[in-house]
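Each chain, letter by letter, is given below.
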Amino acid sequence: MARIGVFICHCGENISATVDCGKVAETIGKLKHVAYSTEYKYMCSDPGQTLIKEAIKEHKLTGVVVAACSPRMHEPTFRKACAEGGLNPFLCEMANLREHCSWVHEKNDLTTEKAIDIVRIQVEKVKLNSALQPIRVPVTKTAMVIGGGIAGIQSALDIANTGHKVIMIERSPSIGGHMSQLSETFPTLDCSQCILTPRMVEVAQHPNITLYTYAEVESVEGFIGNFKVKIRKKAKSLDEKTCTGCGLCTTKCPQKKIPNEFEQGMGMRPAIYIPFPQAVPNRPVIDREHCTYYIKGKCKICEIVCPTKAIRFDQPDEILELEIGAIVVATGFDIKHADFFPEYGYGKYKDIIDGLQFERLASASGPTTGAILRPSDGQVPKNIVFIACAGSRDPAKGIAYCSKICCMYTAKHAMLYKHKVHEGKAYVFYMDIRSGGKNYDEFVRRAIEEDHVNYIRGRVSTVFERDGKLIVKGVDTLLGAQPVEIVADMVVLATAGVANSGAEDLAQKLHVSYDAHKFFAEAHPKLKPIETNTAGIFLAGACQNPKDIPDSVSQASGAAVKVAGLFSQNELTREPLVAVVNRTAPPMYSTCVGCFMCQSVCPYQAIEREDFKNREGKIVKTVAKINEGLCQGCGTCVALCRSKSIDLYGYSNNQVYAEVVALLNEY
Amino acid sequence: MKFGIYPGCSLTGSARDYNESVFALAEAFDLEFAQIPDWNCCGATAAHNLNKELSLALPARILALAEQNGLDEIIVPCAACYSRLVVTQNELKKNPELKNRIREVLEMDYHGTSKILNVIEWIDKYIIPKLDEKIVKPFNYKVACYYGCLLVRPDKVLNYDRAEDPQTMDIVMSKIGADPIYYPYKTECCGAGFSVSRTDIVSKLSGKIIEDAEHRGADAIIVACPMCHSNLDMRRSDINKYWKTEYKIPVVFVTQAIGLAIGLSSEKVGLKRHFVEVKIS
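No experiment lies behind these values; they were computed from the predicted model shown. (Residues numbered from 1 in each chain as written. Chains lettered and ligands numbered in written order. Predicted model: local features only at pLDDT ≥ 70, side-chain atom pairs only at ≥ 80, totals over all residues. Heavy atoms only, no water.)

Let's talk about the overall build of chain B
No. 1: Scanning chain B from terminus to terminus reveals 14 helices and eight strands.
No. 2: The C-alpha atoms of chain B give 19 Å as radius of gyration, which agrees with the globular expectation for 281 residues (19 Å, within 12%).
No. 3: Considered along the principal axes of its C-alpha atoms, chain B spans approximately 55 × 45 × 30 Å.
No. 4: The proportion of buried residues among the 281 residues of chain B is 55%.
No. 5: Residue pairs at least 24 apart in sequence account for 76% of intrachain contacts in chain B once pairs closer than 6 positions are excluded.
No. 6: With an accessible surface of roughly 12200 Å², chain B has 50% of that area assigned to carbon and sulfur atoms. (Helix = DSSP H or I, 4+ residues; strand = E, 2+ residues; numbered from the N terminus. Rg over C-alpha atoms; globule rule 2.2 N^0.38 Å. Buried < 20%, exposed > 50% of the residue type's maximum accessible area, 1.4 Å probe, protein only. Contact = heavy atoms within 4.5 Å. Areas by Shrake-Rupley, 256 points an atom, 1.4 Å probe, with all protein chains shown as cover.)

Here's what the structure looks like:
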């Protein structure tokens, strides 16, 4: 006879403020087969768990229902407590009184009634639970890092240094990411390239890291410890082993008018190109979209000049299939572009640029070798205006969030300008200065106090051109909303940081969640900021939300620790909530008739064929068999099976019927 | 094709020139107007500052009358009236309770089914497709298209043109041969209703709008709003007094410019009624 224990949690006041927990416990206690029913303020706390463990022993419970929050966070907690109390952990169920009841209803009798119903159906379900054993699966101890910016680099190096193999893939021809484009970095003003490029080289040379640039994720299957990943290595149109990276082809390419991505469009590059001189790997690729040969069928000058005959025009894309144990997503961010702000004139005037373009202007390796010159005429701007929050914190423009890095880089930009143009005037329009971080506020104060940057608190309504000057109209809210008009030579927009292109597509391939802004979503905003909802896939850097370098690097190292922790185990245990095809005595073997409709709908390729042979070795029946390692317990096959031969452990048809019947019946 | 037209107060008063040019265009393109019978005030700025229900009931009555008379499309040449009508239709669509309340107030049925067109939308839909064959005198002038506020705002409700850098009027003008200049003041405030109570403010604000157009070498400022027109045209002597200037740039309704391009006389399109002489013909 079933002896069920029910534990009602108050969740502080989260549940008890709207649900009469005492009444729920009392009513449930009177149900048939309920041997024990109680309530407690925090069931997940140590005393709460002890309460469950002791009740299991004292009342000889055969099943437990914890009525508390969503199972996402604490189901493992309570299952573990049950196991410690001597009960099979899969004989514990949760009833969600918080998200499904107390948070969404007002305090009244009906709310308590609903709470009773929610608990009641779980009591009926748990009576039919069976004791299950976790499934053990092996771990492939190779990690994949997607994205070769600073976050990906840090994560890859940290994992590789623990002795595990790392595959790094990067979709552009070189690793380095946005950090390689930056001039100097806040709050110390050290040169970005000087601190980054040695790490890029380290990635390329590390014995545990295999680097694939110009490559993208094609598909991801499998699960934690056992992902099967296909990557597409786009054709670079040259043999990387033969190529010495001499660069002769890039100087002779007749097509030289392609906007240079690395210079944010402020310079040109040829069709065969190395993105920047410090690129890793330092080998060119042919941009087939712009190459004269691929467009017109003639040219091949690079092939003629190449001293090692490394050009391969007919090279196909290559698909690699990899076995991967854990994935770190470090695909970074982008900045909001062009016509987002017609009133700020970006795209209409050459001298209105965005923050990344300013980085290139200020960079020693940039188009002006570090001189701050106006793009329109190459003159030194005497008045320069920086507009912070160009798009960020502006729901009217679609982006309500703070892009976090702009306050700091704008202060840095203004400072760099003042260091190079001593007599020039720099203005910053800002909403608030958000400079939380070690030595950050001091840095901003330094820009204001030592470098005399004029900070004006207020927004800019419009920027337009008149007689060759840019008129910036704004407001100074600290001077009682005084209108301000500045005649500027150059304007820099700190445009909002947004999700990188292709983020949504990648998230869907990886089966991880993303938010409304297409940033990858963490599993828990506070306690699981590195994990995603998919086990074995972790986040690093600005693909999650705009982040500065120190934050990206910290998170990258965190992700590496998560991966190393996973790889420290030889086997993983998985919840055994998987589908199963029934077996009966011969000659039937199973009620399965072997139609394999289930095979065609299984999203995880988890359904195999099993042959039954007679004594002569002749196959007498073929039925479906579930691969427990691959099955994710989605239940699609259960719903589709025509002969009702498949069931789901933990969510069997009988359990679900019992829940429905409980709800329909009076108690 | 028969449309409803809602003239509002200004087209029968201070903007008779605008009214004449709209009707002249309609006649030239064989478009027939039916004035909404027994129309009332749209409530303008006053109503929605004082009483929300009143500010919705007034335009709703106009729309209800249009429905009663089977007018599926209503052209509203005045930008302020246009804004009030569209805002009302939108509010009542979003809020069925409020819609019922307004029906009670009006003691009329109201569904909100009529399509409301501003003058540019009307031109786009009915004039532009037949325009090319009718042009006899291309409007070869540099023009500054001035949109003002209510033609494009609130943009989330009107869902019509970019609020910060609208383009529709520039496109219409280029279709009749004009050269629309880059004009950053196209949505700056003209002073609007201060025309009556604080002419000094109108003089200051409208003066800047005129100054920039003259500075950039425009031959005319093109408008599609009676209020903009009266501030830039009727208040010109106040503006010149305030800024100690002698701005002479004419202010022309978009419908007048098209009328001239298809060969209508300046009298027919109401240019004679302007305060600032229009030497364009």
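Some details on the pattern of salt bridges
No. 1: Evaluated as defined, the whole model comprises 54 salt bridges over all chains.
No. 2: The closest approach of N and O atoms between A:Lys80 and A:Glu84, which form a salt bridge, is 3.5 Å. With A:Lys80 and A:Glu84 both in helix 3 (residues 71-84), this residue pair falls four residues apart, about one helical turn.
No. 3: Judged by relative accessible area, which is 54%, A:Lys80 ranks as exposed.
No. 4: You can call A:Glu84 partly exposed: its relative accessible area is 41%.
No. 5: As a salt-bridge pair, A:Arg374 and A:Asp489 come within 3.9 Å of each other at their nearest N and O atoms. Here A:Asp489 lies in the loop between strand 26 (482-488) and strand 27 (490-495) and A:Arg374 lies in the loop between helix 11 (355-362) and strand 21 (383-390), a separation of 115 residues in the sequence.
No. 6: Judged by relative accessible area, which is 11%, A:Arg374 ranks as buried.
No. 7: Residues participating in the shared-partner salt-bridge network are A:Lys348, B:Arg162, B:Asp165, B:Asp170 and B:Lys186. (Salt bridge = Lys/Arg side-chain N within 4 Å of Asp/Glu carboxyl O.)

A word on the domain arrangement of chain B
Residue and element names in this part refer to chain B.
No. 1: Splitting chain B by domain gives domain 1 (2-119) and domain 2 (133-273).
No. 2: Contacts between the two partners involve 25 residues from domain 1 and, on the opposite side, 25 residues from domain 2.
No. 3: Both sides of the domain 1 and domain 2 interface together cover about 2100 Å² of buried area, and 69% of this is carbon and sulfur.
No. 4: The largest per-residue losses of area from domain 1 upon contact with domain 2 belong to Asp 17, Tyr 18 and Leu 25, which jointly make up 24% of the total buried on that side.
No. 5: Taken together, the connections running from domain 1 to domain 2 amount to two salt bridges.
No. 6: A salt bridge links Glu 20 to Arg 273; its shortest N-O distance comes to 2.7 Å.
No. 7: Across the contact surface, domain 1 and domain 2 share five residue pairs in polar contact (both at pLDDT 80 or more).
No. 8: Only helix 1 (8-11), helix 2 (16-28) and helix 5 (79-94) provide two or more residues apiece to the side of domain 1 that touches domain 2.
No. 9: Looking at which element gives the most residues to the side of domain 1 that touches domain 2, the answer is helix 2, with ten residues.
No. 10: By residue class, the composition of the side of domain 1 that touches domain 2 is 16 nonpolar, five polar and four charged. (Domains from an automatic or database assignment. Buried area = accessible area lost by both parts, 1.4 Å probe. Polar contact = N/O pair within 3.5 Å; in protein donor to acceptor, adjacent residues only side chain to side chain. Nonpolar A, V, L, I, M, F, W, Y, C, P; charged D, E, K, R; others polar.)

Things to note about the side chain of A:Thr18
Residue and element names in this part refer to chain A.
No. 1: Secondary-structure assignment places Thr 18 in the loop between strand 1 (4-9) and helix 1 (21-29).
No. 2: A distance of 3.2 Å separates a polar side-chain atom of Thr 18 from the backbone oxygen of Ser 102.
No. 3: Dropping the residues within four chain positions of it, Thr 18 is found in contact with Ser 102, His 105, Glu 106, Lys 107, Asn 108, Thr 111 and Thr 112.

Topic: the nonpolar core
No. 1: Formed by 100 residues in total, the largest nonpolar core has its most connected members in B:Trp122, B:Phe139, B:Met173, B:Ile222 and B:Val254.
No. 2: The leading source of residues in this core is helix 4 (residues 52-68) of chain B, at eight residues.
No. 3: Looking at which domains feed residues into this core, each of domain 1 (2-119) and domain 2 (133-273) of chain B supplies at least three.
No. 4: Ignoring sequence-local partners within four residues, the contact set of B:Trp122 consists of B:Phe3, B:Val22, B:Leu25, B:Ala26, B:Leu31, B:Phe33, B:Ile75, B:Leu117 and B:Ile127.
No. 5: Formed by 97 residues, the second largest nonpolar core is a distinct cluster that contains A:Ile150, A:Ile274, A:Val280 and A:Ala388. (Core = buried A, V, L, I, M, F, W, Y, C linked by side-chain atoms within 4.5 Å.)

Section: the interface of chain A and chain B
No. 1: Counting residues at the interface gives 14 residues for chain A and twelve residues for chain B.
No. 2: Carbon and sulfur atoms supply 40% of the area buried between chain A and chain B, which totals about 1100 Å² over both sides.
No. 3: On the chain A side of the interface with chain B, the three residues burying the most area are A:Pro342, A:Phe464 and A:Arg466, jointly 43% of the side's total.
No. 4: Counting across the chain A and chain B interface gives five salt bridges.
No. 5: Counting across the chain A and chain B interface gives eight residue pairs in polar contact (both at pLDDT 80 or more).
No. 6: Sort the elements by how many residues they give to the side of chain A that touches chain B and strand 24 (residues 460-466) of chain A lands first, with five residues.
No. 7: Class assignment for the residues of the side of chain A that touches chain B results in five nonpolar, one polar and eight charged.

Quick notes on the environment of B:Ile127
All names here are of chain B.
No. 1: When you line up the elements, Ile 127 lands in helix 7 (residues 119-127).
No. 2: Here Ile 127 falls in the buried class, since its relative accessible area comes to 0%.
No. 3: Considered as a pair, Ile 127 and Asn 240 are 113 residues apart in the sequence and their alpha carbons are 36 Å apart.
No. 4: Discounting residues that sit within four places of it in the chain, Ile 127 has contacts with Leu 25, Phe 29, Leu 31, Trp 122 and Ile 258.

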